[in-house]
Amino acid sequence: MGKMEEYKPEMAMTMIQLCYAGVTLFGRATLVNGLSPRVFILYRQAFATIFIFPFLYFSRRKSEIAISSLDLRSFSLIFLVSLIGITVNQNLYLEGLYLTSSSMGSAVGNIIPAITFLISFLAGYEKLNLRDIRSLAKIAGTILCVVGAVSMTLLRGPKILNSESALPLAKSVLGNILKDQNMWLIGCLFLFSSTLCWSFWLILQVPISTYYPDNLSLSAWMCLFGTIQCAVVTFFLEKDSNAWILHSYSEFATCLYAGIGASALSFTVQAWAISKRGPVFSALFNPLCTVIVTILAALFFQEEIYTGSLIGGLGVIMGLYTVLWGKAKDVMMNQEQIRENDQKSEVKIHIEDSSNKTICNRDLKNPLLSKHNSIEEIQTHQQLN
């Protein structure tokens with residue numbers, strides 16, 4: 001049971017990457033079929049908000065824990081985090097995803113660990129000792145993750161899985177779409193900008209989780225603010241009223257899945273994982289999404305797998321476990337520090353309880369004038385007389 005508790009953050013982040021991979025694949029298919037990226041984000045956040053607030057209410061009602069209120073500082077922090085991590089990030093990402101491909105969308109996101117690691121180091125959240133082999137492992141593993149994930153898309157070589165082996169569903173969903181080279185570059189720029197926003201979002205989770213530690217309430221407020229912000233953006237940028245309508249069950253299902261799985265649940269779980277292991281730990285699982293998307297895109301959406309993709313996938317996995325090995329020492333030190341703090345608090349409470357009991361015993365058992373003192377006073381009084 002102890003081992004399961006220890007590996008819960010790893011299992012949670014793996015499930016999150018599976019959700020993100022599904023959003024990348026089905027989201028691109030929906031965008032290609034004509035759904036506006038801004039409308040997709042708006043409905044995604046609206047579904048997330050509709051799901052998470054009743055869940056928050058009934059869970060807190062059952063446990064008799066009040067929903068955390070917002071003061072001015074927490075309101076400002078959550079509003080800023082929602083603006084960067086939801087509104088700006090998702091709009092940039094889906095625009096780039098529409099102009100490029102699902103494989104490129106997931107591959108470019110793998111520079112997030114490097115950017116997050118650099119920002120965390122500059123902000124003081126990550127400590128490095130170049131003489132320590134585990135610190136060097138964190139650096140080398142991060143670089144290996146990024147290089148391996150990017151090579152999955154850029155490297156070629158012999159085909160392992162040809163496009164002829166893809167399922168017939170791919171042709172009806174995606175069709176044959178040729179992108180202009182300029183649009184491809186603009187899409188890559190959008191994707192790169194979204195990774196910057198996502199890295200800052202991960203970093204901001206540390207101070208906001210410290211000031212507002214209620215992860216479920218935090219996710220609910222972020223979804224609500226994100227919905228309002230996306231509605232304002234869509235209102236000004238999407239002039240066609242017909243674009244606001246979901247025209248098929250597949251569009252509705254994709255928005256619903258993205259809202260509940262990749263927004264409401266993922267935000268809550270990711271905030272919890274970041275509070276346990278830090279922002280770099282969370283970002284390092286992003287390469288797994290590239291592996292999942294590449295394989296599923298080849299099976300269902302006619303994207304081809306090459307030898308270079310296989311090599312890159314192995315590099316991602318090796319880099320991931322290298323960094324996790326480097327982070328293991330930090331986790332052990334944090335756990336030891338928590339145990340020491342708990343022991344100190346227990347000792348302090350025990351001492352206070354013991355002193356209180358001693359005071360109570362004196363008050364209850366000993367008279368104001370002890371028997372010994374009263375005899376001495378009587379003898380002294382008799383001698384004087």
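Scroll up a little and you will see the structure.
Each value, and the rule that gives it
- Residues numbered from 1 in each chain as written.
- Predicted model: local features only at pLDDT ≥ 70, side-chain atom pairs only at ≥ 80, totals over all residues.
- Heavy atoms only, no water.
- 1 Å grid on protein atoms, 1.4 Å probe; cavity = no way out; pocket = protein on both sides within 12 Å on 5 of 7 lines; lining within 4 Å.
- Points joined across faces, edges and corners; volume = space filled by probe spheres on them.
- Helix = DSSP H or I, 4+ residues; strand = E, 2+ residues; numbered from the N terminus.
- Nonpolar A, V, L, I, M, F, W, Y, C, P; charged D, E, K, R; others polar.
- Phe/Tyr/Trp six-rings, centres within 6.5 Å; stacked < 30°, edge-to-face > 60°.

A look at empty space enclosed by the protein
Enumeration according to the criterion identifies 2 cavities of 30 Å³ or more in this entry. Its boundaries defined by the atoms lining it, the largest cavity holds a volume of some 410 Å³. Along the wall of the largest cavity there are 21 residues; nearest its centre are Y20, N89, Y93, I112 and W198. Those elements that provide at least two residues to the lining of the largest cavity are α2 (8-32), α4 (72-99), α5 (102-108), α9 (181-211), α11 (249-277) and α13 (286-300). Looking at the lining of the largest cavity residue by residue, the class counts come to 10 nonpolar, 10 polar and 1 charged.

Observations regarding the packing of aromatic side chains
Per the stated rule, a full pass over the model turns up 10 aromatic pairs. Consider the rings of F75 and F79, whose centres lie 6.2 Å apart with planes at 25 degrees: the pair is stacked. Here F75 pairs with F79, and both are found in helix α4, just 4 residues apart, close to one helical turn. When the centroid spacing of 4.6 Å and the interplanar angle of 15 degrees are considered together, the rings of W198 and W201 count as stacked. Taken together, the positions of W198 and W201, both in helix α9 and 3 residues apart, correspond to about one turn of that helix. Grouped by ring-pair contacts, the aromatic residues F53, F75, F79, W221 and F225 constitute a single cluster.

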